[in-house]
Amino acid sequence: MPQIDLGQVQATVTVGTTTTVGGSTGASVTNSGTTANAVLDFTIPSGCYPIIECESTDTTKELMPQTMYVWGEVSSLTITLAEVSAGNIVNEYMFSFNSGATATTLSVPADVKFTSTVTIEANMHYECNIMWDVNNEEFYGIIVGWPWTAPTE
C-alpha cells in the first residue's frame, strides 16, 4: 500500500472584521485570508429591523416586510404592502406618523383586518403593525395613538 508523506501542516486562524448589519440579513463568516492563514470576517445581524425615515412629501408608499417606516407630520398617507416573503416567517409591516392640527387621512389595503375601526384624530402620534398570518393567509393590523403636538420654534 503506498504511503503519502504530508509532513507537518501549520495553520493560523485570526479574527478579522466584525460588521453589524440590519436584522433582515443573515449571519455569515468569510475567510479573507488563505487556507493556511485564515482571517475570519464576521457579519452579525443587529436584531433590529431596518428603519426608513420617510420624507413628508412621500406620502404614498409600498411597505416592505421587516422594515419600519417613519414619517413626521403628514396630512395624508396611502400605504400598500409589498408581496409577502416566501417561507414560514413572520411578515410584519410597520409604520408611524404624526397627525397635525387637521387629522391625517390614512389609507391602508382593505384586506387588512383591524381589531376595531381605525379612526385617526388630530394632534396624535400613531404606530401601526400589520402582520401576515401564514396559517389563515390574512393580514391583521393594530394601530395605537397618543397625544402629540408639533414642536414650536
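The structure under discussion appears in the preceding block.
In this text, all values refer to a predicted model and were calculated from it rather than measured experimentally.

About the cut-offs
Residues numbered from 1 in each chain as written. Predicted model: local features only at pLDDT ≥ 70, side-chain atom pairs only at ≥ 80, totals over all residues. Heavy atoms only, no water. Helix = DSSP H or I, 4+ residues; strand = E, 2+ residues; numbered from the N terminus. Buried < 20%, exposed > 50% of the residue type's maximum accessible area, 1.4 Å probe, protein only. Pairing = 2+ DSSP bridges. Axes fitted to C-alpha atoms, helices over the stretch in contact; angles between N-to-C directions. Phe/Tyr/Trp six-rings, centres within 6.5 Å; stacked < 30°, edge-to-face > 60°. Contact = heavy atoms within 4.5 Å. Patch = residues over 30% accessible without salt bridge, like charges linked within 9 Å, V, L, I, M, F, W, Y side chains within 5 Å. Areas by Shrake-Rupley, 256 points an atom, 1.4 Å probe, with all protein chains shown as cover. Salt bridge = Lys/Arg side-chain N within 4 Å of Asp/Glu carboxyl O.

This part takes up the side chain of Gln-66. With respect to the helices, strands and loops of the structure, Gln-66 is situated in the loop between β5 (60-63) and β6 (67-73). Note on Gln-66: relative accessible area 12%, which makes it buried.

Strands belonging to one sheet form pairs held by backbone hydrogen bonds; the direction of such a pair is parallel or antiparallel. Pairing within the open sheet is parallel, and its three strands lie in the order β5-β7-β9. On the outer flanks of this sheet lie β5 and β9 (105-107), each paired with one strand and no other. Neighbour-to-neighbour, the strand axes of the sheet open up by a mean angle of 20°, direction not taken into account. As paired strands, strand β7 (residues 76-81) and β9 are joined by three bridges and run parallel to one another. The partner of Thr-78 across the bridge, within β9, is Ser-107.

Before going further, it helps to examine the packing of aromatic side chains. Using the criterion set out here, one finds five aromatic pairs in the structure. Aromatic side chains Tyr-69 and Trp-71 sit 6.5 Å apart centroid to centroid with 25° between the ring planes, which places their arrangement in the stacked category. The two residues Tyr-69 and Trp-71 agree in class, both being buried. Ring plane angle 70° and centroid distance 5.9 Å describe the contact between Tyr-93 and Phe-139, whose orientation is recorded as edge-to-face.

Positionally, Ser-96 belongs in strand β8 (residues 91-99). Taking C-alpha positions, Ser-96 is 9.5 Å from Val-144, a pair spaced 48 residues apart along the chain. Beyond its immediate stretch of four places on either side in the chain, Ser-96 contacts Met-68, Tyr-69, Val-70, Trp-71, His-125, Tyr-126 and Glu-127.

Only one face of β7 is covered, namely the one carrying Leu-77, Ile-79 and Leu-81; the face carrying Ser-76, Thr-78 and Thr-80 has none of its residues buried. Examined bridge by bridge, β5 and β7 share four bridges and lie parallel to one another. Looking at the pairing, Glu-62 lines up with Thr-80 of β7.

With that out of the way, let us pick up a nonpolar patch on the surface. A cluster of nonpolar side chains, Ile-142, Val-144 and Trp-146, forms an exposed patch at the surface whose accessible area comes to about 270 Å². Looking at the element boundaries, Trp-146 is found in strand β12 (residues 138-147). For Trp-146, a relative accessible area of 39% translates into the label partly exposed.

Turning to the side chain of Thr-59, a few remarks are in order. Along the polypeptide, Thr-59 turns up in the loop between β4 (51-53) and β5. Looking at Thr-59, the relative accessible area reads 18%, which means it is buried. Setting aside residues up to four positions removed in sequence, Thr-59 forms contacts with Trp-71, Val-74, Ser-76, Leu-77 and Thr-78.

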